[in-house]
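Close look at the chain arrangement
Given next are the chains, with one letter for each unit.
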Amino acid sequence: QVQLVESGGGLVQAGGSLRLSCAASGRAFNTYRMGWFRQAPGKQREFVAAIIWSVANAYYADSVKGRFAISRDNTKNTVYLQMNSLKPEDTAVYYCAASLISSSAYYQSSAYSYWGQGTQVTVSS
């Protein structure tokens, strides 16, 4: 069983930056694939980024590529999402997700077994 707690959301102006953190409880954090998803009002939850073992195995949605960076610190059981050059369309609730490493698609929410409660990110224009 894994519990995930996100933090770091807030209100920021367009062009600004935020760093989200997701702290995981439980053992063997390094055996889990970690992902970030987001959901804007009236829209479906969408994939943002995922990391397998390290940043060498990091994947991004086209909409955030070059602006967001996912990383993990296995000594702290924490995954991060550094968000730069934020745009109003990045406004959403951001969710951290975890699953045991497998061949299932990292960009599908159904591939993840554990979810955090979400943290709100609001980008003003």
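Check the entry above for the structure.
Residues numbered from 1 in each chain as written. Predicted model: local features only at pLDDT ≥ 70, side-chain atom pairs only at ≥ 80, totals over all residues. Heavy atoms only, no water.

Across its full length, the protein chain holds zero helices and 11 strands. Seen in sequence order, the protein chain has helices and strands lined up from the N terminus as β-β-β-β-β-β-β-β-β-β-β. Against the globule reference of 14 Å for 125 residues, the protein chain gives a C-alpha radius of gyration of 13 Å, in line with a compact fold. For the protein chain, the spread of C-alpha atoms along the three principal axes comes to 40 × 25 × 25 Å. Considering the protein chain as a whole, with its 125 residues, one finds that 45% of them fall into the buried category. The long-range share in the protein chain, meaning contacts at least 24 apart out of those at least 6 apart in sequence, stands at 60%. Only carbon and sulfur atoms are counted for the fraction: they give 48% of the accessible area of the protein chain, which is about 6400 Å². Computed over 11 positive and 6 negative side-chain charges, the separation of the two mean positions in the protein chain equals 5 Å. (Helix = DSSP H or I, 4+ residues; strand = E, 2+ residues; numbered from the N terminus. Rg over C-alpha atoms; globule rule 2.2 N^0.38 Å. Buried < 20%, exposed > 50% of the residue type's maximum accessible area, 1.4 Å probe, protein only. Contact = heavy atoms within 4.5 Å. Areas by Shrake-Rupley, 256 points an atom, 1.4 Å probe, with all protein chains shown as cover. Lys, Arg positive; Asp, Glu negative; His and termini not counted. Charge placed at Lys NZ, Arg CZ, Asp CG, Glu CD.)

Each aromatic ring pair is described using two quantities: the centre-to-centre distance and the angle formed by the ring planes. Applying the stated criterion across every chain yields a total of eight aromatic pairs. Aromatic rings pair up to connect Phe 37, Phe 47, Tyr 59, Tyr 106, Tyr 107, Tyr 112 and Trp 115 into one cluster. Residue placement shows Arg 45 over the ring face of Tyr 95; its charged tip is 3.9 Å from the ring centre. Across the ring face of Trp 115, the terminal group of Arg 45 is positioned such that the distance to the ring centre comes to 4.7 Å. (Phe/Tyr/Trp six-rings, centres within 6.5 Å; stacked < 30°, edge-to-face > 60°. Lys NZ or Arg CZ within 6 Å of the ring centre and 35° of its normal.)

This paragraph deals with the nonpolar core. If you look at the biggest cluster of nonpolar residues, it comprises 36 residues, and the most contacted ones within it are Met 34, Trp 36, Leu 81, Met 83 and Tyr 94. Residue assignment for this core shows that the elements contributing at least two residues are strand S3 (18–24), strand S4 (32–39), strand S5 (46–51), strand S7 (68–73), strand S8 (78–83), strand S9 (92–100) and strand S11 (119–124). (Core = buried A, V, L, I, M, F, W, Y, C linked by side-chain atoms within 4.5 Å.)

Quick look at the environment of Ala 14 now. In this structure, Ala 14 sits in the loop between strand S2 (10–13) and S3. Each C-alpha atom, one on Ala 14 and one on Ser 104, is 35 Å from the other, the two residues being 90 residues apart in sequence. Look past the residues within four positions of Ala 14 in its chain and what remains in contact with it is Leu 86, Pro 88, Val 123, Ser 124 and Ser 125.

What follows deals with the pattern of salt bridges. Enumeration over the complete set of coordinates arrives at four salt bridges. The partner of Glu 46 in a salt bridge is Arg 38, with the nearest N and O atoms 2.6 Å apart. In this structure, Asp 62 and Lys 65 form a salt bridge, with 3.2 Å as the shortest nitrogen-oxygen distance. When sorted by exposure, Asp 62 lands in the same class as Lys 65, which is exposed. (Salt bridge = Lys/Arg side-chain N within 4 Å of Asp/Glu carboxyl O.)

Attention shifts here to the sheet that holds S3. Spatially, S1-S3-S8-S7 is the arrangement adopted by the four strands of the open sheet, whose pairing is antiparallel. This sheet does not close on itself; its edge strands, each paired only once, are strand S1 (4–7) and S7. Ignoring strand direction, the axes of neighbouring strands in this sheet form an average angle of 15°. When S3 meets S8, the two strands line up antiparallel, connected through six bridges. If you follow Leu 18 over to S8, its bridge partner there is Met 83. (Pairing = 2+ DSSP bridges. Axes fitted to C-alpha atoms, helices over the stretch in contact; angles between N-to-C directions.)

Glancing now at the state of the cysteines. Should the sulfur atoms of two cysteines be covalently bonded, the bond is a disulfide. Counted by the stated rule, this structure contains one disulfide. With a sulfur-sulfur separation of 2.1 Å, Cys 22 is cross-linked through a disulfide to Cys 96. The S-S bond linking Cys 22 to Cys 96 shows a torsion near -80°; that makes this disulfide left-handed. Of this pair, Cys 22 sits in strand S3 while Cys 96 sits in strand S9, and the two are 74 residues apart along the sequence. With respect to burial, Cys 22 and Cys 96 carry one shared label: buried. (Disulfide = S-S within 2.5 Å.)

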